[in-house]
Amino acid sequence: YGQHTSRSYKSFADTSFAAGDLILCPVIQFTLSGGARILPPYDDSVKVIADFLLRHPHIVVEIGVHTDSRGSAEYNEDLSAFRAKRLKQYLVDSFGIDQKRLQAVGYGESQPVLAPEVFENVNNPALREALHAENRRIEIKIIQP
């Protein structure tokens, strides 16, 4: 589908990183309706992030959580910040990652990968949901390589 904002992602498997590099995380789903508990089937996705941080013990990262555009902007910003903090705490508590290496940021709906115009003429509910899912994501940004 067209109208993607240009985003270039590195991979967790890459070996060199610069400040500002972004890595798109595997899908992590939380409990619904503002929940911040990571659903158990997504524990492996969190482990991918933890393994990366354990392999690169000096890297400092930002955990950026993004929502889709449904709901108010304020609600989405609060929700994404809450979920970013929860993911940070999960990495600290479950994997022993030093919290000083992790910054949690909620972006809400402010940085969509699909522009709002994409949704205007989409009447198929399944396609509309798939498009919204594109904007719901977690990105790891390298702060200090």
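The structure this text deals with has already been given above.
Rules and cut-offs
Residues numbered from 1 in each chain as written. Predicted model: local features only at pLDDT ≥ 70, side-chain atom pairs only at ≥ 80, totals over all residues. Heavy atoms only, no water. Core = buried A, V, L, I, M, F, W, Y, C linked by side-chain atoms within 4.5 Å. Buried < 20%, exposed > 50% of the residue type's maximum accessible area, 1.4 Å probe, protein only. Contact = heavy atoms within 4.5 Å. Phe/Tyr/Trp six-rings, centres within 6.5 Å; stacked < 30°, edge-to-face > 60°. Helix = DSSP H or I, 4+ residues; strand = E, 2+ residues; numbered from the N terminus. Arc of directions from axis to C-beta. Polar contact = N/O pair within 3.5 Å; in protein donor to acceptor, adjacent residues only side chain to side chain.

Draft legend 1. Broad picture of the nonpolar core. Counting residues in hydrophobic clusters, the biggest one holds 26 residues, and the most contacted among them are I49, L87 and L91. Beyond its immediate sequence surroundings of up to four residues, L87 is in contact with I28, I38, V46, I49, I63 and I138. Counting residues in hydrophobic clusters, the runner-up holds 6 residues, among them V113, L114, V118 and L131.

Draft legend 2. Highlighting the packing of aromatic side chains. Per the stated rule, a full pass over the model turns up 3 aromatic pairs. For the ring pair F12 and F52, a centre distance of 5.2 Å and an interplane angle of 65° mean the geometry is edge-to-face. A residue pair is termed long-range when its members are at least 10 positions apart, and F12 in the loop between β1 (9–10) and β2 (22–24) and F52 in helix α1 (residues 43–55) qualify at 40 residues. Given the relative accessible area of 10%, F12 is considered buried. Residue classification places F52 among the buried residues on the basis of a relative accessible area of 0%. Where F17 meets F52, the ring centres are 5.3 Å apart and the plane angle is 80°; that geometry is what we call edge-to-face. Remark: F52 occurs in helix α1 and F17 occurs in the loop between β1 and β2; sequence separation between them is 35 residues.

Draft legend 3. View of helix α3 (residues 125–135). Burial in α3 covers these residues: L131, H132 and N135. An end-on view of α3 places all buried positions within 100° of arc, on one side of the element. Where the residues of α3 are buried, they touch β3 (60–66) and β5 (137–144). A side-chain oxygen of the first residue of α3 lies 2.8 Å from the backbone nitrogen of A126; this N-cap is N124.

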